[in-house]
Amino acid sequence: MDVFEAVAEPNRRHLLGLLAERDRTAGELVDSLPTLTQPAVSRHLRVLREVGLVEVHPDGQRRIYALKPDGLQQIDTWITPYRRYWRNHLDALEQHLEDR
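Quantities reported herein were computed from a predicted structural model and do not represent experimental measurements.

Scanning the chain for helices and strands turns up six helices and three strands. For the chain, the α and β elements follow one another from N to C terminus as α-α-β-α-α-β-β-α-α. In terms of overall dimensions, the chain is more spread out than a globule: its C-alpha atoms have a radius of gyration of 17 Å, far above the 13 Å expected for 100 residues. Overall, the chain is about 55 × 30 × 25 Å in size when its C-alpha atoms are taken along their principal axes.

Dropping the structure here:
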């Protein structure tokens, strides 16, 4: 599986969003997805680790998960050519707001 396949799954994107805010324990991540079992969340976290988006550090009895921003580089590289479309729309919005 590659990084694109990993982030295509909504529950994994949810986990990445939480980890973008701050490091979290495995328990916190499991609690954030009440419709999934602990083993299911663990499988999602394993996928994210394997593609290089997440790292885990033991802290006594707990496992602390953290986002690895460098893992997002492949997505950033892919999306770079499309940024100009957003910039143009944002520039137009800025101009519109200034004209008011």
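Now for the environment of Glu 50. Topologically, Glu 50 is positioned in helix α4 (residues 38-50). Judged by its relative accessible area of 60%, Glu 50 falls in the exposed class. Sequence separation between Glu 50 and Val 3 is 47 residues, and the spatial gap between their C-alpha atoms is 9.1 Å.

Let's shift gears to the sheet that holds strand β2 (residues 54-59). Taking strand neighbours across the sheet as the criterion, the three strands line up as β1-β3-β2 in an open arrangement whose pairing is antiparallel. Each of the sheet's edge strands pairs with one partner strand only, and the pair in question is β1 (24-25) and β2. Sheet topology places β1 next to strand β3 (residues 62-67); two bridges connect them, and they run antiparallel. Within β3, the residue paired with Arg 24 across the bridge is Tyr 65. Contacting β1, β2 and β3, helix α2 (residues 10-21) runs over the sheet at an angle of about 90° to β3.

All right, on to α2 then. For α2, built from twelve residues, the straight-helix expectation of 16 Å at 1.5 Å per residue is met to within 8% by its first-to-last C-alpha distance of 17 Å. Packing partners of the buried residues in α2 comprise α1 (3-8), β1, α3 (26-31), α4, β2 and β3.

A few words on the UniProt feature "domain: HTH arsR-type" (unreviewed entry) in the chain. Within this numbering scheme, the UniProt entry marks residues 1-87 as carrying the feature "domain: HTH arsR-type" (unreviewed entry). Secondary structure within residues 1-87 divides into 56% helix and 16% strand; the distance between the first and last C-alpha atoms comes to 31 Å.

Taken together, the six bridges between β2 and β3 define a ladder with antiparallel strand orientation. Bridge pairing links His 57 to Ile 64 in β3. Hairpin connection between β2 and β3: a loop of two residues separates the two successive antiparallel strands, and Gly 60 in this loop has a positive phi of roughly 65°.

Quick look at the pattern of salt bridges now. Side-chain pairing between opposite charges can occur once the charged atoms of the two side chains come close. Scanning the model with the defined rule gives four salt bridges in all. Here Glu 21 ties to Arg 24 by a salt bridge, and the two come within 2.6 Å at their closest N and O atoms. A relative accessible area of 58% means that Glu 21 is categorised as exposed. In this structure Arg 24 comes out as buried when scored by relative accessible area, which is 10%.

What counts, and at which threshold
- Within each chain, residues carry numbers counting from 1 in the order of the written sequence.
- Only residues with pLDDT of at least 70 are given local features in this predicted model, and only at 80 or more are side-chain atom pairs given and counted; all residues enter the totals for whole chains, interfaces and linings.
- Working from all heavy atoms in the structure, the side-chain values ignore hydrogens and water.
- Per the convention used, a helix needs a DSSP run of H or I reaching at least four residues, while a strand needs a run of E reaching at least two, with both numbered from the N terminus.
- C-alpha atoms define the radius of gyration in this analysis, and the globule rule sets the expected value at 2.2 Å times the number of residues to the power 0.38.
- Exposed residues in this analysis have more than 50% of their type's maximum accessible area, buried residues have under 20%, and partly exposed residues fall in between, with area computed by a 1.4 Å probe over protein chains only.
- Two strands pair under a simple rule: DSSP has to find at least two bridges between them.
- Here, residues are in contact when the closest pair of their heavy atoms is within 4.5 Å.
- Here an axis means a line fitted to C-alpha atoms, over the contact stretch when the element is a helix, while the angle between two N-to-C directions is reported on a 0 to 180 degree scale.
- Multiply 1.5 Å by the residue count of a helix minus one, and that product is the helix's expected span.
- UniProt positions are given in the numbering used here, feature names are shortened, and annotations may be inferred rather than shown by experiment.
- Here, a salt bridge means any Lys or Arg side-chain nitrogen found within 4 Å of an Asp or Glu carboxyl oxygen.

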